[in-house]
Each structure stands twice: as structure tokens, then as C-alpha cells.
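In case you want the letters, here they are:
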Amino acid sequence: MTIQQRHNKKSTFPIPSSLHDLERAPYNLLPYPNDFDDDDEAARADSFDALVAKLEDGNEQLGRCGLDLFWGGESVEHDDEEDVWMDEERIQALYTLVR
Amino acid sequence: MDGRRTHSSFVHVGSVSASGETLTCDCFRFWCYQSSHLVVSLSISYTQLIHSQKNFSKSTSLAPKTRARLLTALCEALQTLSSLLDSYNSDENKGNSTEHHTQTQTGFASSQVVPQSFRDAFACHLYMLFSIMFFTESEAKGGHGLDAKGNNNKRTVESDRAEASRAACADCMMVATKAMAKNRAKLWQRSVPDEAVVILPCRIAFQILESATGVVARKACSADAAMAMIACTVGSCTSNTTNVVGSDNTSTSSTANNGLLGTIVAALMDLMHSYEHMAPLCAELCEMVPEQPTNQLAIELLREIGRLNTNGLGDNSRASGIRNVAPFLHLLATKRPRIVLNNIAHLMPHLNSEVYNLRSSIATAIAVILSSEEGLKEGNNNDGLRMEREDGASHEIGDAAKTRNALLDLLAERVLDVSSFTRGAVLKAWIQIVQSRALPVDRFIPVTLMAIDRLQDKTIMARRQAMQVGKSR
């Protein structure tokens, strides 16, 4: 992918009309992540804490690397494997916590 | 399916709109699976459903500590993204040879715009913060948040915590609003903003302002921050329209900005119609909006008020909305007399409207204009006064005295208004003019005669005001 293509890439997060629209295309998020443990209240609370911890780790990474995270090193060859900061996991965590 | 998992799901059929947030649902089924046994499936009423859906929002039902951590994490991420956006230009980020090569080849300065992945991250975090704030505001409005039942100490602690979390969210939203306003050219190609993203802070601000009914509520719901968000967005609309004039992007950008401004004006008009406390807030908001090149928000609001259809609303209950809007005119005149004076032509048709509140408010606004230093006060050297037209151009008022006389004539005429309330308001306007020493000498005798005549008025209110005109000096 060239830089120009990267700039013209279609938005992966158009603002939805309602929060629950995030469970439909193009977002296709789940109410809970697949590995969400809710066997009992304690496990549920731990799972929520784990999701928040995931967000905090992401924030730390953002603070450390800054805008480099979004340029992904400009490697043209590894386009499909590019390391995206706001990956599906982070969006899923945000949605599960906020919804 | 995991037999032990308690699972709930919504079946979405109908739709209802609540402050811009669409809740789609008609029938709710709650399935409880326990030890692989289907226990119950039930339907509940629509109202209950909305209530349930609000209560099912995770952000408001999380443990307080987890919720606080979530808010901190979300605000921190958004603030970092905003600061990265601010520093993007000076970074010369990725200003490497590849970038410059692409730029040269395409002739398009792509290095000025952040990557799409950044835009998505920014929009996603902004939307999530918006959603949390939306749920919090809905909860507070429903009386579950700040007015929680319990002993006084517990309620105070909860209120303080809710107030602090609302303030933190509002501050973060403000930072993001400022970043978007300041860095439009970096965030979107050709400075044409994504309206759905830019309007998010305003959408939540409108909801916050709905709750700002008094001094205490205003502080509790961070209404000042909400107004600052709207003012910042409006300021960026007008400044960006001016900045791009002369470039190829003029029409696209100004169309987008006009659309955004139109949306904000329509929402504010709707709020003013619906809530009595909104008129003073809107006047204050107009004061916060940058004056240069023009106070577009105030002008557009005055224009919208001028377009209101007041036919057949005399004593009708439908007039209540317009009654709520009316105070905006004299409140704006108090804060920005020059703007009201420049756009008073839009309001003149309402002097013949059936809603007396509008007529009274216009009369008061005229009195404010005539008695303020910034307006047309007698004795000011206004002959060389330059008035700005709506298109930003300016023209000279040849004779300010002529305008002053026309407005004074109008007030003299209105003292015989059909409504005693308006007659009282007009006489009060005369009192203000006299007391501020703005009455021209040649008007002393006519005004005194008019006051004497009004001593015969059939209502005590008008007679009392007429007496005051005589006593004022």
C-alpha cells in the first residue's frame, strides 16, 4: 500500500447512529469478547478489569510510540500484517465496557 | 451454547429517537439459561424496555472502581490523541523521502493529513466517550444518578463522585473539540470535516444544557464546558470558512461548515423552544463565540427567530415555545447590542405578531440598544458608525440619529399596544432610556405627555410604569 492509498483508505469507523449498531456490519462487534469469563460475579468483575487493563496497556503504548503507531513503519511489503494500534480487540474492549 | 452462561439479547424492530441517540427495539426477550435449561422468556412494555436498556449499559452498571478506571483510560487515550494531533505538524512525521516522493508525484500534500487509522482511532474514542456521557446524562436526568435514594452522606458522596466524573468527561471532550477545531487541515483532507465526528461534542453539549436548569445544576452538569464546546465548534466553522477563501476548496469547505452551523442553530432553536432556561444560556453562548469576522451564531439565531411563524398563536398553548424564545432577544441585546441592531430588520415583522412576549422582548431590546454605549446612546459619536452586514462587508451609517429616532418612534407607537403586558414593557423601556440619560432633549416633552396619557391606562401595571417614567430622570 502506498502512502497515498493509506491516506485514501476508507474509514473503518464511521460514526454509527446508535451504539448497538456496532454489533452489525461493518463493525460486527460482540456484546462480550469470546474469551469473556462470566461464570460468577467475581469472574465477571475480573473480566471487566482485564478489559480495562487492556485499554491501559494500549494507552501506555500510545504514549510511548506516538504517531509512529499509525504510520506502521511504512513497510509496503507487510501491508496485511501491519500492526494496528486500534485493533479489533481494543474496539471490542471499549464496546463491551461502554455499551 | 454455554449452559451456565446468563445471556440476554434484544430483538430490534421499531425505533425511537432520544437526543440524537437511536434506540431500536420493540420487543424484549430475556432468556435465562442455567444448567442447559430454558427457564423463562418474557416480554415487557415499551417504557420498561427503554428503562431496562438504559440500566443495561455497562458503563453505568460497572463497579465504581472499574468505571473510574475506564473513564480515566478513555480520557487519557483521547487526550494523548489530541496532543499528538496538535504536535503533528511540527513533527514532520514521516517526512521521509518516500513521502516527499509521493507528494511530488501526486501534487497533493498528503503529509499534512494524518493517516486514516489515526482518524479512525480518534473518532472511535470520541464516540465511546460520547456514549458514556450520554448514558450518564440520561441516568442523571432520570434521577438515578445525582438524586439517588439513601442517607444524606451517601447521597452527597455519590453526587460529588458523579459531578467529578461528569466534569472530567466534559473537560476531555473539550480538549478533543479544541484539537479538532485547531487542526482541521491536519485531520481531514481539504479541511472538509466529517460532520458526524465534529458534531459529537455538540450533541452531548446539547444534552448537558438540557439539565442546566439552575446555578447548582449548571455547575453539577458542567454546563460551562458544554457551552465552550459549542462555541469552539462554531468558531472553527466561521474561521475555517474565512481561511479557505481564495483556495480551490472554498465551496466544499464552506458548504460543510454552513451545514454544521445550520445543524447547531437548529438544535439551539429547538432547545430554546423546549426549555425555559435555555434563552439566557444561548445569549451567553453567543457572547462566547468569536466576533471576528462576524458572530455568525448570533446572526443565524436572530434570523431563525425572525422566520418563526407566529400566526394563530395568540393565547394558544403552542405559543409557549415562542414565549421561551422571546427573552433571548433582549438578553442578547444586553450582551451584544450592535449585533441585534444590525439584524433588527429580521425582528420587525414580529411587532405585529400575536405573541405579546415577543413584542415585549423586542421593545426591551430596543431600549437596551438605545441606552448602551456600544449601541446608539444619545451623545455618542455614532455618526461615523460602521455597521457590518451579514455578508461580512461593512457600510457606514450616514446618520445614526436617524436610526435612533426611528427606534424611538417605534417605542412611542408601541406604548398603545393591545396587550397590557407589552404596554408595561414599553413603558419600562422608556424608564430605562430616561434613567440611562439616552433620551434626546427634543423628546422630553412628548415622552412626558405620553406618560401622563398612560396614567389613564386600564391596568394598574401600565399605570405604575407610567408613573415611574414621570419620576425618572
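Residues numbered from 1 in each chain as written. Chains lettered and ligands numbered in written order. Predicted model: local features only at pLDDT ≥ 70, side-chain atom pairs only at ≥ 80, totals over all residues. Heavy atoms only, no water.

Tallying secondary structure elements over chain B gives 23 helices and eight strands in all. With the model as given, the accessible surface of chain B reaches about 21600 Å², and the carbon-plus-sulfur share is 52%. (Helix = DSSP H or I, 4+ residues; strand = E, 2+ residues; numbered from the N terminus. Areas by Shrake-Rupley, 256 points an atom, 1.4 Å probe, with all protein chains shown as cover.)

Of regular secondary structure, chain A possesses four helices and zero strands. For chain A, the N- to C-terminal ordering of α and β elements is α-α-α-α. Counting over 99 residues, chain A shows a buried share of 47%. In chain A, 63% of the contacts between residues at least 6 apart in sequence involve partners at least 24 apart. As displayed, chain A offers around 5100 Å² of accessible surface, 47% of which is attributable to carbon and sulfur atoms. (Buried < 20%, exposed > 50% of the residue type's maximum accessible area, 1.4 Å probe, protein only. Contact = heavy atoms within 4.5 Å.)

So, on to the nonpolar core. Residues and elements named next belong to chain B. The biggest cluster of nonpolar side chains holds 153 residues, and the ones touching the most others in it are Phe-118, Leu-268, Leu-297, Phe-328 and Trp-430. Looking at this core, the element that brings in the most residues is helix H5 (residues 116-141), giving 14 residues. Those residues in contact with Leu-268 that lie beyond four places of it in its chain are Phe-206, Met-278, Cys-282, Leu-285, Leu-297 and Leu-301. (Core = buried A, V, L, I, M, F, W, Y, C linked by side-chain atoms within 4.5 Å.)

A few words on unusual backbone geometry. Across the junction of Ala-25 of chain A and Pro-26 of chain A, the peptide omega takes the value 5°, indicating a cis bond. With respect to the helices, strands and loops of the structure, Pro-26 of chain A is situated in the loop between helix H1 (3-8) and helix H2 (41-65). Its identity is not glycine, yet Arg-437 of chain B carries a phi of approximately 55°, on the positive side. Residue placement: Arg-437 of chain B occurs in the loop between helix H21 (420-435) and helix H22 (444-454).

What follows deals with the confidence of the model for chain B. Residue and element names in this part refer to chain B. Chain-level statistics for chain B give a pLDDT mean of 78 and a share of 70% at 70 or above. In this model residues 1-56 is a low-confidence stretch, pLDDT under 50, and it forms 93 contacts with partners more than four residues away in sequence or in other chains. Across residues 388-396, confidence stays below pLDDT 50; counting only partners more than four residues off in sequence or on other chains, it has 21 contacts. Two numbers describe this predicted complex: its pTM, 0.79, and its ipTM, 0.89. (pLDDT = per-residue confidence, 0-100.)

The next point concerns the packing of aromatic side chains. Taken as a whole and assessed by the stated rule, the structure comprises 11 aromatic pairs over all chains. Relative to Phe-48 of chain A, the ring of Phe-36 of chain A has its centre 5.1 Å away and its plane inclined at 65°; by these criteria the two rings are edge-to-face. Taken together, the residues Phe-36 of chain A in the loop between H1 and H2 and Phe-48 of chain A in helix H2 connect sequence positions 12 residues apart. The same class applies to Phe-36 of chain A and to Phe-48 of chain A, which are both buried. Ring centres 5.0 Å apart and planes at 80° place the aromatic pair Phe-70 of chain A and Phe-118 of chain B in the edge-to-face group. Of this pair, Phe-70 of chain A sits in helix H3 (residues 68-71) while Phe-118 of chain B sits in helix H5, on two different chains. Note on accessibility: Phe-70 of chain A and Phe-118 of chain B belong to one class, buried. Members of the aromatic cluster, joined through ring pairs, are Phe-13 and Tyr-27 of chain A together with Tyr-127, Phe-130, Phe-134 and Phe-135 of chain B. The lysine or arginine in question, Arg-99 of chain A, covers the ring of Tyr-32 of chain A, its NZ or CZ lying 5.1 Å from the ring centre. (Phe/Tyr/Trp six-rings, centres within 6.5 Å; stacked < 30°, edge-to-face > 60°. Lys NZ or Arg CZ within 6 Å of the ring centre and 35° of its normal.)

With that settled, consider helix H4 (residues 88-98) of chain A. The buried fraction of H4 of chain A is high, at nine of 11 residues. Of all the positions in H4 of chain A, only Arg-90, Ile-91, Gln-92, Ala-93, Leu-94, Tyr-95, Thr-96, Leu-97 and Val-98 of chain A are classed as buried.

Here we take up the packing of H21 of chain B against H22 of chain B. All names here are of chain B. The N-to-C vectors of H21 and H22 enclose an angle of 145°; their axes lie 12 Å apart at closest approach. At the point where H21 passes H22, the crossing takes the left-handed sense. Touching Arg-423, Leu-427 and Trp-430 of H21 are Val-447, Met-450 and Arg-454, all from H22. (Axes fitted to C-alpha atoms, helices over the stretch in contact; angles between N-to-C directions. Left-handed = near helix turned anticlockwise from the far one by under 90°.)

On to the side chain of Gln-465 of chain B, then. Residue and element names in this part refer to chain B. Within the secondary structure layout, Gln-465 lies in helix H23 (residues 460-471). According to the relative accessible area criterion, Gln-465 is buried, its value standing at 15%. In contact with Gln-465, not counting residues within four places along its chain, are Gly-424, Leu-427, Lys-428 and Ile-431.

All names here are of chain A. Evaluation of the coordinates by the stated rule reveals 21 salt bridges over all chains. Salt-bridge contacts for Arg-44 lead to Asp-38; the nearest nitrogen and oxygen are separated by 3.6 Å. Each member of the pair, Arg-44 as well as Asp-38, is classed as buried. Residue Arg-64 pairs with Glu-60 through a salt bridge whose shortest N-O separation is 4.0 Å. (Salt bridge = Lys/Arg side-chain N within 4 Å of Asp/Glu carboxyl O.)

Bringing the confidence of the model for chain A into the picture now. Across chain A, pLDDT averages 82, with 77% of residues at or above 70. A low-confidence stretch, residues 74-81 of chain A stays under pLDDT 50, and its non-local contacts, those more than four residues away or across chains, total six contacts.

A word on a negative patch on the surface. A cluster of like negative charges, contributed by Asp-37, Asp-40, Glu-41 and Asp-46 of chain A, occupies part of the molecular surface. For Asp-46 of chain A, the location among the structural elements is in helix H2. (Patch = residues over 30% accessible without salt bridge, like charges linked within 9 Å, V, L, I, M, F, W, Y side chains within 5 Å. Lys, Arg positive; Asp, Glu negative; His and termini not counted. Charge placed at Lys NZ, Arg CZ, Asp CG, Glu CD.)

Take H2 of chain A next. Residues and elements named next belong to chain A. Between its terminal C-alpha atoms H2 stretches 36 Å, which fits the 36 Å expected from 25 residues at 1.5 Å a residue. Turning to H2, its buried residues are Ala-43, Arg-44, Ser-47, Phe-48, Leu-51, Val-52, Leu-55, Gly-58, Asn-59 and Leu-62. The N-cap residue of H2 is Asp-40: its side-chain oxygen and the backbone nitrogen of Ala-42 are 3.1 Å apart. Once H2 finishes, Gly-66 follows within two positions and takes phi at roughly 60°, a positive value. (Expected span 1.5 Å × (residues − 1). Polar contact = N/O pair within 3.5 Å; in protein donor to acceptor, adjacent residues only side chain to side chain.)

All names here are of chain B. Two numbers describe how helix H16 (residues 327-335) lies on helix H19 (residues 356-371): the axes approach to 7 Å, and their chain directions differ by 10°. Between H16 and H19, the angle falls in the class roughly parallel. Here Pro-327, Leu-329, His-330, Ala-333 and Thr-334 of H16 come into contact with H19, specifically with Leu-358, Ser-361, Ile-362, Thr-364, Ala-365 and Val-368. Grouping the amino acids of the contact of H16 with H19 by side-chain chemistry returns seven nonpolar, four polar and no charged. (Parallel < 35°, antiparallel > 145°, perpendicular 65-115°, else oblique. Nonpolar A, V, L, I, M, F, W, Y, C, P; charged D, E, K, R; others polar.)

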